[in-house]
Amino acid sequence: MKLLNHTLLYLSASLIFILSIWAVVFYIGMMDEVYDSIEDGLENYKILIIQKAGTDTTLLGKNYFGESNYAIRPIAKEKAIMATEAFKDTAMYMEYEESLETVRMLTTYFSTPDDRYYQLKIIASMVEEDDLVADLMHALLWLYVAVIASAFIINNWVLRKIWRPFYELQDELRHFKLGEDKSFNPPQTRVSEFRDMNETVAELLKANIAAFQQQKQFIENASHELQTPLAIAMNKLELLLEQHYGTEEQTQLLANAIQYLERLTRLNKALLLLSKIENRQFAREEAIDFNALLRQQTDDFGELLEYKDIRVDITEQASLVWSFNADLADILITNVVKNAIIHNHPGGHIQIRIEENGFSITNTGQAKSLETTEIFMRFHRTPDNPASTGLGLAIVRSIVQFYHIQVTYHYENGLHGFTFHREPRPAAVN
Amino acid sequence: MKILIIEDEADLRENIIQFLRKEQYLVESASDFHSAKEKISLYDYDCILLDVGLPDGNGLDILRMLKLLEKQENVIVISAKDSLDDKLEGLDLGADDYLTKPFHLAELNARIKAVLRRKALDGRNMVRINNMELNFDDRTLQINGNDIRLNRKEFDIMAFFVVNKNRLIHKSALAEHVWGDHIDNADNFDFIYSQIKNLRKKLKDCGADLEIQAIYGVGYKLTV
């Protein structure tokens, strides 16, 4: 749920509550005032009638309401003395409304100078409470709608304006890539909370970038520093092997050790290569003809292909020229071609297709799909090739990421395929 | 043949010296930039092995100096940095080859031989052993004057054996020489084994006066 909707939800819920209470209080207050003014009117009317009755005795004979709104009826003295003046609500048939309506009635008592006692009832038409409540509810509803609508509009505008630094930060963070961006620039803002947040995020990212750089640097340094000791150890064993003073068994042990040092060397070189790719140390770019490169690489592996009895078909639907570092292009193609050879079976085949925006290499192999998510991971290797560094495809991925090329693995009917695709860059407008 | 090794790492230097002495070279060494400078200004060498990462200077400056002194030495640059820029700079400055640490001694030997061959006065880039003649330019092999057809990898293997004759060659050194510096070589041993099998058969069929000896689990040796 968006921030805007959150505020609106809370606002509308509390507004219902507040407006309801307000309506009740308002209604009570208003009714109070209405009663007050009607009763004042009735009292005033009472005084006028009693004064008039003192001079005009015909009034005393008017003992039904009829056209006027009072009625006088004689009453026993004892009763009159005991009774008190009272207001009450009662219903009366109204000709206009053609129904019984609520009226306010004042019942009071008075005596004439001839010591006769009368009961006087005066009525005044009351506010129609049900209509009033309905009107009030109606008004309230509109008020509610109007308040929510304006809150929505204002909120929307205010949020957009005030929260802009937040959305900007969000956008920056979304596009931030650790390892690619060397620094992080949070948006400028005058709102102190956002400024705090930006600073915190920037600080955090700075620490992360530093840690990441350090880690990369460490891998590179470590790999680099390992080269010389590895060289010395390997060469010493080679010298020892050449002197062959030992038994056959000892010779084999030495050879074995060399083989492992060799593996270590390859691993080390691969790691060094990976960190160099990630550190963008292959800046030099030139136009690389991938058609030629693929043809040449498969040709280079000709003897191995012949030995493994693997047929290669190259379908060139277009000529593919990418601006690429020559070394990386070489490494990329060697790795994928070699991969297709190694994981093939004798008598298998490899199909290479070159299209306008990419190429694909499909090969026969084991009748089982590889782990799509894991094959590009470092040190992932298949059980049938334990001596592999498990870095070949990780290097492939690093290279294609560097050039924004999409690589996908797919498996169908015993055919393993890798597709490399890059959306053509829009032509530069001069 | 006089060879100068400029390398600050004592053990590596010793390894190379020990290995190259067996090739009947006259081997001298310098452990730092300063003594290297002195040596190249005083003496002439046929080949210089130059480590670019010296503690007291950049090895590439030695190349600049050689150029300045108008010396004809062949230089093989050795570096722990497998960087193309270094390589290109080295080759631009007149180095003949570039080798990345770690390397197999047999590979170093092959590179030195290649450099020295090119320098040889007769300009014929070939090696003759008994009744066999290997031409590096045409990539051909002749036995008793008859051409032997070899595929590219067979030729590479044969050439590596020829320059490292009578030396035990570890199979991983051979694999690396044949395939270059690839990420995974381990799976190529079978292939190399089969190529050598073919090669041995061809040599035998043509009556070559040399033999590729297989040392089980270790590697091979060309015995003359």
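Residues numbered from 1 in each chain as written. Chains lettered and ligands numbered in written order. Predicted model: local features only at pLDDT ≥ 70, side-chain atom pairs only at ≥ 80, totals over all residues. Heavy atoms only, no water.

### Some points on a negative patch on the surface
Residues and elements named next belong to chain A. Worth spelling out the cut-off: Patches draw on residues past 30% relative accessible area with no salt bridge. Two like charges within 9 Å are joined, as are two nonpolar side chains (Val, Leu, Ile, Met, Phe, Trp, Tyr) within 5 Å. Accessibility throughout is a Shrake-Rupley quantity obtained with a 1.4 Å probe, and a residue counts as covered only by protein chains that appear here. Whenever Lys or Arg places a side-chain nitrogen within 4 Å of a carboxyl oxygen from Asp or Glu, that contact is recorded as a salt bridge. Positive charges come from Lys and Arg alone, negative charges from Asp and Glu alone, with His and the N- and C-terminal ends not counted. To locate a charge, take atom NZ for lysine, CZ for arginine, CG for aspartate or CD for glutamate. To qualify as a helix, a DSSP run of H or I must reach at least 4 residues; to qualify as a strand, a run of E must reach at least 2; elements of each kind are numbered from the N terminus. Accessibility here uses a 1.4 Å probe with only protein chains present; expressed as a share of the type maximum, an area under 20% marks a residue as buried, one over 50% as exposed, and anything in between as partly exposed.
Together, Glu97, Glu129, Asp130, Asp131 and Asp135 make up a region of like negative charge exposed at the surface. With respect to the element layout, Asp135 can be found in helix H3 (residues 129–162). According to the relative accessible area criterion, Asp135 is exposed, its value standing at 55%.

### Some remarks on the sheet that holds strand S12 (residues 168–170) of chain B
Hydrogen bonding along the main chain pairs the strands of a sheet, whether they run parallel or antiparallel. Residue and element names in this part refer to chain B. Note the threshold: Two strands pair under a simple rule: DSSP has to find at least two bridges between them. The axes are straight lines fitted to the C-alpha atoms, using for helices just the contacting stretch, and the angles between their N-to-C directions are given from 0 to 180°. It only takes one pair of heavy atoms within 4.5 Å for two residues to be counted as in contact.
On the basis of which strands lie adjacent, the open sheet formed by three strands has the order S12-S14-S13 and antiparallel pairing. For this open sheet the edge positions go to S12 and strand S13 (211–215), each flanked by a neighbour on one side alone. Each strand of the sheet is rotated relative to its neighbour by a mean of 30 degrees, with strand direction disregarded. Of the strand pairs in this sheet, S12 and strand S14 (residues 219–223) are connected by three bridges, and their pairing is antiparallel. Among the inter-strand pairings, Ile169 is bridged to a residue of S14, identified as Tyr220. Docked against the sheet, helix H7 (residues 171–179) engages S12 and S14, running at close to 70 degrees with respect to S12. Packed on one face of the sheet, helix H8 (residues 189–205) meets S13 and S14 and runs near 145 degrees to S13.

### Concerning the packing of aromatic side chains
Put simply, the test is: Side-chain rings of Phe, Tyr and Trp (the six-membered ring for Trp) are treated as a pair once their centres are within 6.5 Å; stacked means planes under 30 degrees apart, edge-to-face means over 60, and tilted covers the remaining angles. We count a charge as sitting over a ring when the NZ of a lysine or the CZ of an arginine lies within 6 Å of the ring centre and within 35 degrees of the ring normal.
On inspection of all chains with the given rule, the structure shows 20 aromatic pairs over all chains. Ring centres 5.2 Å apart and planes at 70 degrees place the aromatic pair A:Phe290 and A:Trp322 in the edge-to-face group. Of this pair, A:Phe290 sits in helix H7 (residues 290–300) while A:Trp322 sits in strand S7 (residues 321–324), placing them 32 residues apart in sequence. You can call A:Trp322 buried: its relative accessible area is 6%. Within the aromatic cluster, the residues linked to one another by ring pairs are A:Phe290, A:Trp322, A:Phe324, A:Phe359, A:Phe402, A:Tyr403 and A:Phe420. Sitting over the face of the ring of A:Tyr64, A:Lys62 holds its NZ or CZ atom 5.3 Å from the ring centroid. A cation sits over an aromatic face here: B:Lys2 above B:Tyr45, 5.0 Å from the ring centre.

### Remarks on the interface of chain B and chain A
Under the convention used in this document: Under the rule applied, a polar contact is a pair of N or O atoms within 3.5 Å (in protein, one hydrogen donor and one hydrogen acceptor; residues adjacent in sequence only if both atoms are side-chain atoms).
Contacts between the two partners involve 48 residues from chain B and, on the opposite side, 46 residues from chain A. Along the contact surface separating chain B from chain A lie six salt bridges. For A:Glu242, the salt bridge goes to B:Lys22, with nearest N and O atoms at 3.8 Å. Counting across the chain B and chain A interface gives 14 residue pairs in polar contact (both at pLDDT 80 or more). Of all the secondary-structure elements, those providing two or more residues to the side of chain B that touches chain A are helix H1 (10–21), helix H4 (84–92), helix H6 (152–163), S12, H7 and H8 of chain B.

### Quick look at H7(B)
All names here are of chain B. With eight of nine residues buried, H7 lies mostly within the body of the structure. Taken residue by residue, H7 has Lys171, Ser172, Ala173, Leu174, Ala175, Glu176, Val178 and Trp179 as its buried positions. Directly beyond the C-terminal end of H7, a positive phi value near 80 degrees is found at Gly180.

### Observations concerning the packing of H6(B) against H8(B)
Residues and elements named next belong to chain B. Defined as follows: Geometric relationships in this document are graded by angle, where less than 35 degrees denotes roughly parallel, more than 145 denotes roughly antiparallel, 65 to 115 denotes roughly perpendicular, and other angles denote oblique. All amino acids are sorted into three groups, where Ala, Val, Leu, Ile, Met, Phe, Trp, Tyr, Cys and Pro are nonpolar, Asp, Glu, Lys and Arg are charged, and the leftover types, Gly among them, are polar.
Packing of H6 against H8 leaves a shortest axis separation of 10 Å and a crossing angle of 75 degrees. Considering the angle they form, H6 stands roughly perpendicular to H8. Between H6 and H8, the residues in contact are Lys153, Glu154, Ile157, Met158 and Phe161 and Phe191, Gln195, Ile196, Asn198, Leu199, Lys202 and Leu203, respectively. Here the contact of H6 with H8 is built from residues that sort into seven nonpolar, two polar and three charged.

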